[in-house]
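So you can see what is in the structure, the chains are spelled out below.
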Amino acid sequence: MRAVRSAVVLAGGAGVRFWPYSVIRQKAAFPIAGKAMVRRLVEELASLGIEQIVMVTGAGEGSVRAALHDCTARVKFVAQGTTAGSAVAALAGLAACELPALVVNGDCVTDRANLAALAAAWRVRDEPALALVQPLGREAPQDWLVAHVVGEQVTGFEGHPRQGSHRYAGAVVLDESALPALRDNPGVMTRVPVGGMPPPEAELVQSLQMLIDSGRAVGAVQTVGYHVDVDKPWQVLEANEAVIRAMVEQVEGNVIPAGSRIHDGAEVGGRLVLGKGCTVGNRVVLRGDVWLGDGATIDNGAILEGPAVIGAGTVVRDYALIGAASSLGPRGIYGHGAEFSGVALEKVHCYHYCEIWGVVGHAVDFGAATVCGNLRFDDGPT
């Protein structure tokens, strides 16, 4: 029986499509539902019994290290180098760990069940590579690296084609026999539609295609839970909602530690998971499950549509309205009549009668009566 005890997490890309949120941090260090993507991933790997985790970093390494500060899992850092591409990064990480190993993109926000399914399939199957794939559903294949799947096998990978049923979901288990295909990667995706102009990057899926071309089998394992590749800014919202909805499914009841207070005049329509020293004040309306970090305060008529995650020390007060599936970072203030829906990072201030929607960065101050929302740059619906 084969077992996977090592993992390589790829967190070295420049994240150019994630601009402007990649300016001061590596994309994988961006928080989803209050926790950095890469930390969430490392903790899930450790919970599956992965004993050796290698983190491959490049641009923004400091933000990745900060996101993993005090993480109980043991993580070894390896530099990606100057050559671009996931195949190069994977090769650097695999050289620093025992094989077989699970290689996963650090910007994947994925259900633990997906990683568990991949590891479980590896124990009973004999392919040199097993790739996680996700049905496209309503998504356009042109937006993804597509995996053409027949049964439990990938018959080919293609870059942004016009047709396809599955996409490569950013995770693969490899054994030692796959290493030559990584080393001999041509530095560009060769299987593209007519007129396709792939960037000069050594894509990992191109190495998987080389295995297939040489007669080696690449197995397919389909996702069984939520999975979001956070490639562009608006996918932060998709990932955040997926994680919060999963949290709702997993919570079993109220968690209200001693020292946290709930006013009798509050209308609580969901379950509460509170940190230390939290306050839910008078006339507050909670219309769904709510998670409050240490010292968070919801007071004086504030409305949380729920479910929602509120960071440590954040104050929502004076009839402010927070939309469903929103995540507010620590030490923020959402005040008189303010309305916010989306994801906000640390120390965001929405003081007075403003309406904000989308993804908000660190230490942002919205003045009174500000109306602001993110726009997509791919002509999709905002």
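Residues numbered from 1 in each chain as written. Predicted model: local features only at pLDDT ≥ 70, side-chain atom pairs only at ≥ 80, totals over all residues. Heavy atoms only, no water.

Turning next to the side chain of Gln235. Inspection of the secondary structure assignment puts Gln235 in helix 7 (residues 235-250). Residue Gln235 is classed as buried on the basis of its relative accessible area of 8%. Within polar-contact distance, the side chain of Gln235 engages the backbone nitrogen of Asp231 at 2.7 Å. Those residues in contact with Gln235 that sit more than four places away from it in its chain are Trp144, Val228, Asp229 and Val230. (Helix = DSSP H or I, 4+ residues; strand = E, 2+ residues; numbered from the N terminus. Buried < 20%, exposed > 50% of the residue type's maximum accessible area, 1.4 Å probe, protein only. Polar contact = N/O pair within 3.5 Å; in protein donor to acceptor, adjacent residues only side chain to side chain. Contact = heavy atoms within 4.5 Å.)

A few words now on the pattern of salt bridges. Enumeration according to the criterion identifies 17 salt bridges in this entry. Salt-bridge contacts for Arg17 lead to Asp231; the nearest nitrogen and oxygen are separated by 2.9 Å. One end of the pair, Arg17, is in the loop between strand 1 (6-11) and strand 2 (31-32); the other, Asp231, is in the loop between strand 13 (227-229) and helix 7, and 214 residues separate them in sequence. Taken together, the shared-partner salt bridges in this structure form one network comprising Arg17, Lys27, Asp107, Asp231 and Lys232. (Salt bridge = Lys/Arg side-chain N within 4 Å of Asp/Glu carboxyl O.)

Space inside the largest pocket adds up to approximately 1,200 Å³. Forming the boundary of the largest pocket are 42 residues, of which Arg17, Lys27, Glu201, Glu203 and Asp231 lie nearest the centre. Here the lining of the largest pocket gets 3 residues from one element, more than from any other, and that element is strand 11 (residues 166-174). Among the residues forming the lining of the largest pocket, the class breakdown is 19 nonpolar, 14 polar and 9 charged. (1 Å grid on protein atoms, 1.4 Å probe; cavity = no way out; pocket = protein on both sides within 12 Å on 5 of 7 lines; lining within 4 Å. Points joined across faces, edges and corners; volume = space filled by probe spheres on them. Nonpolar A, V, L, I, M, F, W, Y, C, P; charged D, E, K, R; others polar.)

With that settled, consider the pairing of strand 29 (residues 355-360). Note: strand 27 (residues 339-344) against strand 29, 6 bridges, orientation parallel. When the sheet's bridge partners are listed, Val343 is paired in strand 29 with Val359. (Pairing = 2+ DSSP bridges.)

This brings us to helix 4 (residues 112-124). For helix 4, built from 13 residues, the straight-helix expectation of 18 Å at 1.5 Å per residue is met to within 8% by its first-to-last C-alpha distance of 19 Å. Of all the positions in helix 4, only Asn114, Leu115, Leu118, Ala119, Ala121 and Trp122 are classed as buried. Considered in projection along helix 4, the buried side chains sweep an arc of 160 degrees and stay on one side of the axis. (Expected span 1.5 Å × (residues − 1). Arc of directions from axis to C-beta.)

Attention now goes to the environment of Pro307. Topologically, Pro307 is positioned in the loop between strand 21 (303-304) and strand 22 (308-310). Note on Pro307: relative accessible area 6%, which makes it buried. Placed 148 residues apart in sequence, Pro307 and Gly159 show a C-alpha to C-alpha distance of 37 Å. Among residues more than four places away in sequence, those in contact with Pro307 are Ile244, Arg245, Val248, Asp289, Trp291, Ala324, Ala325 and Ser326.

Glancing now at the state of the cysteines. Within the structure shown, the criterion is met by 0 disulfides. Cysteine Cys108 is unpaired, with the sulfur of Cys97 as its nearest cysteine sulfur at 17 Å. Its relative accessible area of 3% is what places Cys108 among the buried residues. (Disulfide = S-S within 2.5 Å.)

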